[in-house]
Amino acid sequence: MPRLIAWCCGIVAVSTISLAAQQPKPKPPAAADWAALAKLPDLTGVWEAPTVGRGGQGAAVAPAPVPQLTPAYAARKRELDARDFDDTDAANCLPTGMPAVMGHPYPYEFLLTPGKVTIITEAYMQVRHIYTDGRPLPADPDPTFNGTSIGRWDRGTLVVETIGFSPLTTIARNTPHSDKMRIVERFHLTGPDTMSVETTVIDPEALMRPWTTTRTLARHRDWTIREYVCEENNRNFLDAQGKAGVRLGLPAKKE
Amino acid sequence: MKPIPRAACRTILMIAMICGVATVAWSHHSAAPVFEMNAEKTVMGVVKQVDWTNPHIWIWLDVPNESGRAETFGFEGMSPNFLARRGWTRTSLLPGMRITVTFRPLKDGKAGGMFMTGRLEDGKVLTSAGAQ
């Protein structure tokens, strides 16, 4: 038995060493790394789509292009459309995941630190971690709602590549993706407080061609991100049969 | 062309704001499956409770019915996050205030709906797009 334990420990030790050899240990940021941030386009601050809440007073929005699906995925979409669900699981507080997480009518805060861009998404209180330290994308990341992202600066544009999405996320309503979905986003300033976000979804199994949409964000220097706990008082629901409803009941006592 | 009177302008602007918000900013759930989006009702009552909560605020209003007894209506509004950036505060509506609420009724016929506007006794108007 002790020999077995020793043998197991040995295997663990060897695997740890080989893992460590593959991933260079990140260096702590030096003063020069912090200073280098000042030379990058200033994406920091709180941003929101300008049409939100302005009741159409914002810039006119051209109809977004529709994703062109492969025959197999078009058939799958028809099946899902035929279920005629009233709504999505967002009504049950499930976050949408990428790419829809970047289309909320709520603000986003961008933070720049050495080797990383962080996007705090107010809706559903989510965070996107975009590593800009030169690391490659992992070969086979665990599937997640927002995927695994790396970024690089292409002159004045932050180019973000994301892979590894949960099957619970979709390209669009009733439009599943394959495990080969990749999303490329290009963020660049178009004015002192305006930013263009171009999003391209690439999925050779689901899409006939890459699907690109563009959104403009406006910066609000005086805004801060607020808390958003969807389960705090969610009275909306979508049941297993796809029927949406509202739970009225008695008002919750707040004392 | 005659200039449009200022009051009419304000009304048009308010309608545009409400319609815009209803289509653009309702991200948590679709409104059409649960509310009659083409209908509008108005009730007058006394605020019983305000839930200044995510993902939506809820305004509970005691409305006297034909027999004189109060029936409690529930109105779903935007989120506190959205409204706090547009002139509302968590004390804009307080228990005891008398308001006239315009709403999109619930499809299931229950007492309540989607909050559109609330007119206070002092003439102040709170809308789903912001306070005015």
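The model shown is predicted, which means the values in this text are computed figures rather than measured ones. (Residues numbered from 1 in each chain as written. Chains lettered and ligands numbered in written order. Predicted model: local features only at pLDDT ≥ 70, side-chain atom pairs only at ≥ 80, totals over all residues.)

## Some details on the sheet that holds strand 2 (residues 108-113) of chain A
Sheet strands associate in pairs through backbone hydrogen bonding, adopting either a parallel or an antiparallel arrangement. Sheet architecture is closed into a barrel: 9 strands sit in the order 1-2-3-4-5-6-9-10-11 (chain A), paired in mixed fashion. Along the sheet, successive strands turn relative to each other by an average axial angle of 30°, direction set aside. (Pairing = 2+ DSSP bridges. Helix = DSSP H or I, 4+ residues; strand = E, 2+ residues; numbered from the N terminus. Axes fitted to C-alpha atoms, helices over the stretch in contact; angles between N-to-C directions.)

## Some words on unusual backbone geometry
All names here are of chain A. Residue Pro 99 is bonded to the preceding Met 98 through a cis peptide linkage, with omega at 0°. Here Pro 99 shows up in the loop between helix 3 (71-83) and strand 2. Not every positive phi belongs to a glycine, and Asp 84 is a case in point at roughly 55°. Mapped onto the fold, Asp 84 is located in the loop between helix 3 and strand 2. Phi is positive for Asn 174, close to 60°, though the residue is something other than glycine. Its place among the elements puts Asn 174 in the loop between strand 7 (170-172) and strand 8 (175-176).

## Focus: the pairing of strand 5 (residues 148-154) of chain A
Residues and elements named next belong to chain A. Summarising the sheet, strand 4 (residues 126-131) and strand 5 pair through 2 bridges and their orientation is parallel. Of the residues in strand 5, the one forming a bridge with Tyr 131 is Ile 150. Relative to strand 6 (residues 157-163), strand 5 is paired through 7 bridges, and the arrangement is antiparallel. Looking at the pairing, Asp 154 lines up with Thr 157 of strand 6. Connecting strand 5 to the antiparallel partner strand 6 that follows it, the hairpin turn spans 2 residues, and Arg 155 within it adopts a positive phi of roughly 50°.

## Looking at the nonpolar core
Ile57(B), Ile59(B), Phe75(B), Val101(B), Phe103(B) and Phe115(B) are the most contacted members of the largest nonpolar core, which totals 28 residues. Contributing elements (two or more residues each) for this core: strand 13 (244-246) of chain A together with strand 2 (58-64), strand 3 (70-76), helix 2 (80-84), strand 4 (98-105) and strand 5 (112-120) of chain B. Apart from residues lying up to four places away in sequence, Phe115(B) is in contact with Ile59(B), Phe75(B), Glu76(B), Gly77(B), Val101(B), Phe103(B) and Ser128(B). In terms of nonpolar packing, the next biggest core, distinct from the first, is built from 26 residues, Val117(A), Met195(A), Val197(A) and Leu217(A) among them. (Core = buried A, V, L, I, M, F, W, Y, C linked by C-beta atoms within 7 Å. Buried ≥ 20, exposed ≤ 12 C-beta atoms within 10 Å, placed from the backbone. Contact = placed C-beta atoms within 7 Å.)

These results come straight from atomic positions and should not be treated as a statement about function.
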